[in-house]
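# Observations on chain architecture
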Amino acid sequence: MLIEKAAAIVFLLNAITSGWRSLATNVCDPYRPERHYMRGPGPKWHAKNHTSV
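How each quantity is defined
Residues numbered from 1 in each chain as written. Predicted model: local features only at pLDDT ≥ 70, side-chain atom pairs only at ≥ 80, totals over all residues. Heavy atoms only, no water. Helix = DSSP H or I, 4+ residues; strand = E, 2+ residues; numbered from the N terminus. Rg over C-alpha atoms; globule rule 2.2 N^0.38 Å. Buried < 20%, exposed > 50% of the residue type's maximum accessible area, 1.4 Å probe, protein only. Polar contact = N/O pair within 3.5 Å; in protein donor to acceptor, adjacent residues only side chain to side chain.

### Focus: the overall build of the protein chain
The number of helices and strands found in the protein chain is two helices and zero strands. Relative to a compact globule of 53 residues, whose C-alpha radius of gyration would be 10 Å, the protein chain shows 26 Å and is clearly more extended. Overall size of the protein chain, expressed as C-alpha extent along the three principal axes, is 85 × 15 × 10 Å. For the protein chain, the residues scored as buried account for 0% of the 53 residues in total.

Below is the structure:
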């Protein structure tokens, strides 16, 4: 009886922690694509492909 209660408590805590971890991952997503957005060709490209406009 005591082992069954302990197993139920462990199961419940496991469910709570996995839900909390999932929520924290979704709210605090470390990947921000706007930080890695390419704004166009850089100076190396312009030096290599220089055309008069």
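Now, onward.
### Examining the environment of T25
Locating T25 in the fold gives a position in helix α1 (residues 2-27). For T25, a relative accessible area of 46% corresponds to the partly exposed category. Between the alpha carbons of T25 and A15 there is a distance of 15 Å; along the sequence they are 10 residues apart. At 2.8 Å, the side chain of T25 forms a polar contact with the backbone oxygen of R21.

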